[in-house]
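Now for the letters of each chain:
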Amino acid sequence: MEEKGKNSARTWRRSLLGAGSVAVMALVLALAAVLELIEPEVAAEGCIALAVLAGVFHVLLRTGYSARFSDAGFISAQLAAVFLLLAYLTYRAEDTPSVISVLYLVAMLYGVLQLDRTRLAILAAVALVTHGTALFMLIDHGHKISFAAAWTQFGALALGLAWFTIAAGTVLRLRARLSDAHRRLHDLAAEANQRASRDTLTGAYHRHHLIEALEREIARAERIGKPLSVARVDLDRLGSVNESHGHAAGDIALKRFTAAAASAMRDVDIFGRYGGKEFLAIMPDTDLNGAVIAAERVRAAVGREPVPEVHGKRHLSCTLGVAEHRKGENTRLILGRAEAGLNYAKAAGRDRVVAEAR
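Residues numbered from 1 in each chain as written. Predicted model: local features only at pLDDT ≥ 70, side-chain atom pairs only at ≥ 80, totals over all residues. Heavy atoms only, no water.

*Asks:* Would you mind showing me how to read empty space enclosed by the protein here?
*Replies:* Unoccupied space between atoms shows up once a probe the size of one water molecule is rolled over them. Applying the stated criterion to the full structure yields two cavities of 30 Å³ or more. For the largest cavity, the calculated volume is near 100 Å³. Along the wall of the largest cavity there are 13 residues; nearest its centre are Asp236, Arg237, Val241, Val307 and His315. Within the residue set of the lining of the largest cavity, elements represented by two or more residues are helix 8 (238-245), strand 4 (306-310) and strand 5 (313-315). Counting residues per element, the lining of the largest cavity draws most heavily on strand 4, at three residues. Of the residues in the lining of the largest cavity, the class split is eight nonpolar, two polar and three charged. Of the volumes computed, that of the second largest cavity is approximately 40 Å³. What lines the second largest cavity is Ala231, Val233, Met265, Ala281, Met283, Ala294, Ala295, Val298 and Leu320. Sorting elements by how many residues they give to the lining of the second largest cavity places helix 10 (residues 288-303) first, with three residues. Broken down by class, the residue content of the lining of the second largest cavity amounts to nine nonpolar, no polar and no charged. (1 Å grid on protein atoms, 1.4 Å probe; cavity = no way out; pocket = protein on both sides within 12 Å on 5 of 7 lines; lining within 4 Å. Points joined across faces, edges and corners; volume = space filled by probe spheres on them. Helix = DSSP H or I, 4+ residues; strand = E, 2+ residues; numbered from the N terminus. Nonpolar A, V, L, I, M, F, W, Y, C, P; charged D, E, K, R; others polar.)

Below, the structure written as structure tokens:
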């Protein structure tokens, strides 16, 4: 869906840029006709032909037919068609009006913004060949034109097209750098957002992120009718570790606990630090039985993590209270039921899983 949106936006920008270029060229022709630099009939033919070309290529874009070609190939075809039209207008004018040379450059500018240097060089050659052919046809058919003016304009056009071709390399490099900078900025923003949603000690999601995620999952479960379960998880005897071996050892215990618990969960599950030594696991598409199995898996994984001996225990342990979401239930209610299960499990001796029945 996101890729489709990007393609649609790119198509819209390309259509807008092309329409703008055609509008500028039509405006130049109309102004030239008003100033009597070109015959009104020729200007009218040019404007109509430009409108037809714009309409045809717009239809090809909107119908998706242009997808059969690369972007560069499609744009090259547009410019080649315009160059043929300009050569025809040169022949129809029976003269060498400077306005036609200007239109070549306007069309070339459209290509500079989107094509590489090689394609622009080929298109420049096409423009010079078609324009030169139109001039030779005028001479061959006996039209009286100023040779000096004709070849001066031809030379100026050749230099202008050559300059646009050279400049295209610089434009493409600047666009590439801008694209890289935008991509790096996006990555940095994503990284900053990721860090902002994480607990600094354990690297797990923090409370605010967990609540937002749970609200989203509840809305999703209500919408599609899928089960959803949560588990309140408490790391046992962390206070004793801190008292016996210092807070540094307690921090290590928290980190090992977090890594072990997270490794025992699925990729779709959301696990984070709810506060102090208590954590929260959100398990989408999971009923109560499945949540209990997952909670036991977490408890077993945590129980394999070694820590300094405390009260005869050499490994971590955790206590879990599990609850399944009920229809119409909000975050406070489901978390309260999971906490009730957790408190019951603590009172029963810890290092166990207690599920709050539906």
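Still more to cover.
*Asks:* How should the packing of aromatic side chains be read in this particular structure?
*Replies:* What characterises a pair of aromatic rings is the spacing of the ring centres plus the angle enclosed by the ring planes. By the definition in use, this model includes five aromatic pairs. Through successive ring pairs, a cluster of aromatic residues spans Phe257, Phe271 and Phe279. Lying over the aromatic face of Tyr274, Arg207 brings its terminal NZ or CZ to 4.0 Å of the ring centre. (Phe/Tyr/Trp six-rings, centres within 6.5 Å; stacked < 30°, edge-to-face > 60°. Lys NZ or Arg CZ within 6 Å of the ring centre and 35° of its normal.)

*Asks:* Can you help me understand the environment of Ala181 in this one?
*Replies:* Relative to the helices and strands, Ala181 is located in helix 6 (residues 147-196). Note on Ala181: relative accessible area 34%, which makes it partly exposed. Put simply, Ala181 and Asp116 are 65 residues apart on the chain and 20 Å apart in space, counted from C-alpha to C-alpha. (Buried < 20%, exposed > 50% of the residue type's maximum accessible area, 1.4 Å probe, protein only.)

*Asks:* Explain helix 11 (residues 331-347) to me, please; I cannot follow it from the model alone.
*Replies:* Working note: α-helix, 3.6 residues per turn, so residues spaced by three or four point in the same direction. In this model helix 11 runs 24 Å from its N-terminal to its C-terminal C-alpha over 17 residues, within 8% of the 24 Å that 1.5 Å per residue would give. In the core, the buried residues of helix 11 are packed alongside helix 7 (207-224), strand 1 (228-235), strand 2 (270-275), strand 3 (278-284), strand 6 (318-324) and strand 7 (353-356). At the N-terminal boundary of helix 11, the capping side chain belongs to Asn330, with an oxygen 3.2 Å from the backbone nitrogen of Arg332. Looking one or two residues past helix 11, Gly349 carries a phi angle of roughly 120°, positive in sign. (Expected span 1.5 Å × (residues − 1). Contact = heavy atoms within 4.5 Å. Polar contact = N/O pair within 3.5 Å; in protein donor to acceptor, adjacent residues only side chain to side chain.)

*Asks:* Whenever I open this one, the side chain of Glu324 confuses me. Can you help?
*Replies:* Positionally, Glu324 belongs in strand 6. At 3.0 Å, the side chain of Glu324 forms a polar contact with the backbone nitrogen of Leu288.

*Asks:* Just to check I follow, could you spell out the pairing of strand 7 for this structure?
*Replies:* Put simply, side chains in a regular strand alternate between the two faces of the sheet. Relative to strand 7, strand 6 is paired through four bridges, and the arrangement is parallel. Residue Ala323 lies in a different strand from strand 7, and its bridge partner there is Glu356. You can see the chain leave strand 6, run along helix 11 and come back into strand 7, and the turn it takes is left-handed. (Pairing = 2+ DSSP bridges. Right-handed = clockwise from strand over helix to strand, strands pointing away.)

*Asks:* Help me understand the packing of helix 4 (residues 98-112) against helix 5 (residues 117-140), please; the structure alone is not making it clear to me.
*Replies:* Two measures define how a pair of helices packs: the angle their axes make with one another and the distance between the axes. At a minimum axis separation of 11 Å, helix 4 and helix 5 run at an interaxial angle of 165°. Comparing the axis directions of helix 4 and helix 5 gives the class roughly antiparallel. Crossing handedness for the pair helix 4 and helix 5: right-handed. On helix 5, the residues touching Ile100, Tyr104, Met108, Gly111 and Val112 of helix 4 are Leu120, Ala124, Ala127, Thr130 and His131. (Axes fitted to C-alpha atoms, helices over the stretch in contact; angles between N-to-C directions. Parallel < 35°, antiparallel > 145°, perpendicular 65-115°, else oblique. Left-handed = near helix turned anticlockwise from the far one by under 90°.)

*Asks:* Quick question: what am I supposed to make of the packing of helix 9 (residues 247-263) against helix 10 here?
*Replies:* Close contact between helix 9 and helix 10 brings their axes to 8 Å; oriented N to C, the two are set at 140°. Accordingly, the angle class assigned to the pair helix 9 and helix 10 is oblique. Pair helix 9 / helix 10 crosses with right-handed handedness. Judged by residue contacts, Phe257, Ala260 and Ala261 of helix 9 engage Val298, Ala301 and Val302 from helix 10. Of the residues assigned to the contact of helix 9 with helix 10, the class counts are six nonpolar, no polar and no charged.

*Asks:* Could you clarify how one ought to interpret unusual backbone geometry in this entry?
*Replies:* As a rule of thumb, non-glycine residues mostly have phi less than zero, and peptide bonds are mostly trans rather than cis. Although it is not a glycine, Arg237 sits at a positive phi angle of roughly 60°. On the secondary structure map, Arg237 appears in the loop between strand 1 and helix 8. At Asp285, a residue that is not glycine, the phi angle is positive and equals roughly 55°. With respect to the helices, strands and loops of the structure, Asp285 is situated in the loop between strand 3 and helix 10.

*Asks:* What is the right way to read the pattern of salt bridges from this model?
*Replies:* Opposite charge on two side chains permits them to pair, given that their charged atoms come into close proximity. Under the defined criterion, the tally for this structure stands at 16 salt bridges. Residue Lys277 pairs with Asp234 through a salt bridge whose shortest N-O separation is 2.6 Å. Placement of the pair is Lys277 in the loop between strand 2 and strand 3 and Asp234 in strand 1, with a sequence separation of 43 residues. Under the relative-accessibility criterion, Lys277 is labelled partly exposed at 25%. On the basis of relative accessible area, Asp234 is assigned to the buried category, the value being 2%. Among the charged side chains, a salt-bridge network with shared partners connects Asp234, Asp236, Lys277, Lys346 and Arg350. (Salt bridge = Lys/Arg side-chain N within 4 Å of Asp/Glu carboxyl O.)

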